[in-house]
Amino acid sequence: MTVVDSRSATQAPEPAPSPEPVAPDPRDPRVRLEALFDEGSLRLLTEEDTSGALAGVGRIEGIPVVAFASDPRVQGGAMGSEGCEHIVHAYDHAVRERLPIIGLWHSGGARLAEGAASLHGVGRIFAAMTKASGVVPQISVVLGAAAGGAAYGPALTDIVILSEGGRIFVTGPDVVRSVTGEDVDMASLGGPEPHSKRSGVVHVVAKDDTEALLKARRLASLLGHQGRMRPEEVEEVDLGGVLPDNPRRAYDVHPIINKLLDDPAEAIELHPKWAPNIVTTLGRFGGRTVGVIANNPMRLGGCLDSTSAEKAARFVRMCDAFGVPLVVIVDVPGYLPGVGQEHDGVVRRGAKLLHAFAEAVVPRVTLVTRKSIGGAYIAMNSRALGATRVFAWPTAEIAVMGAVAAVRVLHRRKLAAVPEEERHALELQLAAEHEKISGGVQRAQDLGVIDEIIEPAKTRRAIAQAIAEATPARGAHGSIPL
Amino acid sequence: MAEVRAEMVANVWKVLVSEGDQVEDGDTLVILESMKMEIPVLAEDSGTISTLKVAEGDVIQEGDLIAVIE
């Protein structure tokens, strides 16, 4: 009973089992694995037992994938040494065969009665996950409670999907209340709202279990069956219509990404509500899986800040580990200033994005649509960090800081010397002169930091060609959950 | 009831609604100016503006209340 039921819907109803039909328990791990895989493709790797976990291999859109599921019918899915060995066995199989692996989580954590043995088992899963990191794509789907060890399991994987009824926390509401006195229910502590907006633990929220499994299937297909870039099949679309006439006006970047990708309905945005000032989306472009990273001027003006830099850095490293080329769409006014940001570690956390891009060996193409300023210019896959190719639209501006701010620094004395009522006009005049010598896109091209100025209506083919011509490569590193 | 709060420190550049106005989800309420960008603040719910806490020229901090939609 797979969740893609286009075929099963047309099948004749099964003959009624005799004597009494028993409805399958929807929490049965076998039922869940069957729903995840293509119809009839599940082959079990472990026994159906009371260990609390079941593992198997099956197909998703025809490609083989390994999966395991907690069994919440036994001790709430708690993990004992035997169940943990099942999961480690599934990992061994996935790594040996180089297959994506999906975990369906519904577990209260380590089995209390087993003591250190269950802790040791859970630790062995963590070690297996870490060794598989960057080797095979790992996707987690949280369908019920995932507490303690069962919370850190998904957290170690590449992508975490949370079903509406899923809950993730280290310690539940009772322990929280007894230790800190905070009165909180399970949903507010570890449900979709906190994890999609505040914690960044969850990449994708699904409205129910069916949608959660569908998203896992799509992600397994995007990462496990990436396809080949065919630039000759890429049609030109004008991507520029979205930009407002006023260059200072903020806008939502999503329509540009949607026009760039082959089929936006098939793409999956990761962390859409956490650090929304940067967008990270997996989708197909020219028939091939790509990772798109885009500043979103609608949120925080598109500034980079500590959280968005960290979110993008993890995405870059994941894509690099699996050989997924990157398309970086840049419109960034700078790093977000403020005491909060500095004390929040914007220097340390922003450095992660510099490190991630500079380290990446996958083809990575940059498109500057409007402005790219200061340290954020460098961070957004600049030429200096090793971009495969850097394109800019004719309207683009690259500068160390905005022109008016720059002349206030460069011409502080000259500006102070004029009467206040004339100062503004002088600022604008100096800014225009400054822009001419330092900020224009032509100057950036002369310096070689922009390879080519292209029209918005001729952008898709140019990006596709740049990716197709680059040497395919894959970073030799894990994908630590930054 | 939906509270609309500032995402970042900014100047209030334009106020496009008044208390008592009906707004739809996605309507622009005010336009902030920060980082040399004009950033629209949108209604995330439909309803009536019951409270409007900002005026043009104000400086608002991250987390400050801009409006309440009921």
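Conventions used here
- Residues numbered from 1 in each chain as written.
- Chains lettered and ligands numbered in written order.
- Predicted model: local features only at pLDDT ≥ 70, side-chain atom pairs only at ≥ 80, totals over all residues.
- Heavy atoms only, no water.
- Core = buried A, V, L, I, M, F, W, Y, C linked by side-chain atoms within 4.5 Å.
- Buried < 20%, exposed > 50% of the residue type's maximum accessible area, 1.4 Å probe, protein only.
- 1 Å grid on protein atoms, 1.4 Å probe; cavity = no way out; pocket = protein on both sides within 12 Å on 5 of 7 lines; lining within 4 Å.
- Points joined across faces, edges and corners; volume = space filled by probe spheres on them.
- Helix = DSSP H or I, 4+ residues; strand = E, 2+ residues; numbered from the N terminus.
- Nonpolar A, V, L, I, M, F, W, Y, C, P; charged D, E, K, R; others polar.
- Expected span 1.5 Å × (residues − 1).
- UniProt positions renumbered as here; feature names shortened; annotations may be inferred.
- Axes fitted to C-alpha atoms, helices over the stretch in contact; angles between N-to-C directions.
- Parallel < 35°, antiparallel > 145°, perpendicular 65-115°, else oblique.
- Left-handed = near helix turned anticlockwise from the far one by under 90°.
- Contact = heavy atoms within 4.5 Å.
- Buried area = accessible area lost by both parts, 1.4 Å probe.
- Salt bridge = Lys/Arg side-chain N within 4 Å of Asp/Glu carboxyl O.
- Polar contact = N/O pair within 3.5 Å; in protein donor to acceptor, adjacent residues only side chain to side chain.
- Pairing = 2+ DSSP bridges.
- Patch = residues over 30% accessible without salt bridge, like charges linked within 9 Å, V, L, I, M, F, W, Y side chains within 5 Å.
- Areas by Shrake-Rupley, 256 points an atom, 1.4 Å probe, with all protein chains shown as cover.
- Lys, Arg positive; Asp, Glu negative; His and termini not counted.
- Charge placed at Lys NZ, Arg CZ, Asp CG, Glu CD.
- Right-handed = clockwise from strand over helix to strand, strands pointing away.
- pLDDT = per-residue confidence, 0-100.
- Phe/Tyr/Trp six-rings, centres within 6.5 Å; stacked < 30°, edge-to-face > 60°.

(A) Molecular detail of the nonpolar core. Counting 65 residues, the largest nonpolar core has Ile102(A), Leu282(A) and Leu353(A) as the members making the most contacts within it. Counting 30 residues, the second-largest nonpolar core is a separate cluster that includes Val122(A), Ala128(A), Ala150(A) and Val202(A).

(B) Fine view of empty space enclosed by the protein. Residues and elements named next belong to chain A. With the rule as written, the count across this model stands at three cavities of 30 Å³ or more. If you add up the space inside the largest cavity, you get close to 60 Å³. Residue lining of the largest cavity: Asp158, His203, Leu270, His271, Thr280, Lys311, Arg314, Phe315 and Met318, and that is the complete set. The biggest single contributor to the lining of the largest cavity is helix H10 (residues 306-321), with four residues. Among the residues making up the lining of the largest cavity, the classes are represented as three nonpolar, three polar and three charged.

(C) Structural context of H10(A). Relative to the 22 Å expected for 16 residues at 1.5 Å per residue, H10(A) spans 23 Å between its end C-alpha atoms, a close match to the ideal helical length. With respect to burial, H10(A) is a largely interior element, 16 of its 16 residues being buried.

(D) Quick look at the UniProt feature "domain: Lipoyl-binding" (unreviewed entry) in chain B. On the UniProt side, "domain: Lipoyl-binding" (unreviewed entry) is annotated at positions that read residues 1-70 of chain B here. End C-alpha atoms of residues 1-70 of chain B are separated by 4 Å, and the span's content is 0% helix alongside 54% strand.

(E) Spotlight on the packing of H10(A) against helix H12 (residues 346-359) of chain A. Residues and elements named next belong to chain A. It is at 8 Å that the axes of H10 and H12 come closest, and there the two elements cross at 25°. In terms of orientation, H10 lies roughly parallel with respect to H12. Of the two elements, H10 crosses H12, and the hand of that crossing is left-handed. Every residue of H12 that contacts H10 at Ser306, Thr307, Ala309, Glu310, Ala312, Ala313, Val316, Arg317 and Asp320 is listed here: Val346, Arg349, Gly350, Lys352, Leu353, Ala356, Phe357 and Glu359. The class makeup of the residues in the contact of H10 with H12 is eight nonpolar, three polar and six charged.

(F) Quick look at the interface of chain B and chain A. Taken residue by residue, the interface counts twelve residues in chain B and 19 residues in chain A. Approximately 1,400 Å² of surface area, both sides summed, lies buried where chain B meets chain A, with 58% of it carried by carbon and sulfur atoms. Contact with chain A buries surface across chain B, with Met35(B), Met37(B) and Glu38(B) losing the most and accounting together for 43% of the total. Put simply, chain B and chain A have four salt bridges between them. A salt bridge links Glu33(B) to Arg248(A); its shortest N-O distance comes to 3.6 Å. Viewed at the interface, chain A and chain B are joined by six residue pairs in polar contact (both at pLDDT 80 or more). At the level of elements, strand E4 (28-34) and strand E5 (37-42) of chain B are the ones that each hand at least two residues to the side of chain B that touches chain A.

(G) Representation of the sheet that holds E4(B) in the model. Judged by pairing direction, the sheet is antiparallel, and its four strands sit side by side in the order E5-E4-E2-E7 (chain B) without closing on themselves. Here the strands that pair on one side only, and so sit at the sheet edges, are E5 and strand E7 (59-60) of chain B.

(H) Representation of a negative patch on the surface in the model. Residue and element names in this part refer to chain B. Judged by side-chain charge, Glu24, Asp25, Glu44 and Asp45 come together as a negatively charged surface patch. Turning to its location among the elements, Glu44 is positioned in the loop between E5 and strand E6 (47-52). Looking at Glu44, the relative accessible area reads 66%, which means it is exposed.

(I) Up close: the sheet that holds E6(B). What the four strands build is an open sheet, ordered E1-E8-E6-E3 (chain B); its pairing is antiparallel. If you trace the sheet from one side to the other, it starts and ends with strand E1 (2-5) and strand E3 (22-23) of chain B, each paired once.

(J) Inspection of the side chain of Thr280(A) at higher detail. For Thr280(A), the location among the structural elements is in strand E10 (residues 278-285). With residues up to four places along the chain from it excluded, the contact list for Thr280(A) reads Ile268(A), Glu269(A), Leu270(A), Val292(A), Ile293(A), Lys311(A), Ala312(A) and Phe315(A).

(K) Main features of the pairing of strand E14 (residues 389-392) of chain A. Residue and element names in this part refer to chain A. Bridging between strand E13 (residues 364-373) and E14 involves four bridges; their strand directions are parallel. In the strand pairing of E14, Thr366 is matched with Val390. The β-α-β motif built from E13, the intervening helix H13 (residues 374-379) and the parallel element E14 has right-handed crossover chirality. Relative to strand E16 (residues 452-453), E14 runs parallel, the two sharing two bridges. Each bridged residue has a counterpart across the sheet, and for Ala392 the counterpart in E16 is Ile453.

(L) Structural view of the confidence of the model for chain B. Residue and element names in this part refer to chain B. Chain-level pLDDT for chain B is 93 on average; 100% of the residues reach the 70-or-more range. Ranking the helices and strands of chain B by mean pLDDT puts strand E8 (residues 65-69) first, with 95, and E5 last, with 91. Reported for the predicted complex are a pTM of 0.91 and an ipTM of 0.85.

(M) Spatial organisation of the pattern of salt bridges. All names here are of chain A. The final tally for this structure, using the stated rule, is 27 salt bridges over all chains. Note that Asp28 and Arg73 form a salt bridge whose closest N and O atoms lie 3.5 Å from each other. On the criterion of sequence distance, the pair formed by Asp28 in the segment before helix H1 (29-36) and Arg73 in the loop between strand E3 (63-70) and helix H2 (81-97) is long-range, its members being 45 residues apart.

(N) Looking closely at the packing of H2(A) against helix H3 (residues 116-132) of chain A. Residue and element names in this part refer to chain A. Between H2 and H3, whose axes approach to 8 Å, the crossing angle comes to 15°. Comparing their axes, H3 and H2 come out roughly parallel. As for how H2 packs across H3, the hand of that crossing is left-handed. Between H2, through Ser81, Cys84, Glu85, Ile87, Val88, Tyr91 and Val95, and H3, the contact on the second element is made entirely by Ala117, Ser118, Gly121, Val122, Arg124, Ile125, Ala128, Met129 and Ala132. Per-class residue counts for the contact of H2 with H3 are eleven nonpolar, three polar and two charged.

(O) Just the packing of aromatic side chains, in detail. Residue and element names in this part refer to chain A. Under the definition given, this model contains two aromatic pairs over all chains. Plain terms: the ring middles of Phe68 and Tyr91 are 6.2 Å apart, the flat faces sit at 50° to each other, and that makes the pair tilted. Within this pair, whereas Phe68 is found in strand E3, its partner Tyr91 is found in helix H2, the two being separated by 23 residues in sequence. Here Phe68 falls in the buried class, since its relative accessible area comes to 2%. For Tyr91, a relative accessible area of 3% puts it in the buried group. Ring geometry for Phe68 versus Trp105: centroids 5.6 Å apart, planes at 85°, classification edge-to-face. Of this pair, Phe68 sits in strand E3 while Trp105 sits in strand E4 (residues 101-107); the two residues are 37 residues apart in sequence, bridging distant segments of the chain. For the pair Phe68 and Trp105, a shared accessibility class is recorded, and that class is buried. Taken together, Phe68, Tyr91 and Trp105 form an aromatic cluster joined through their ring pairs.

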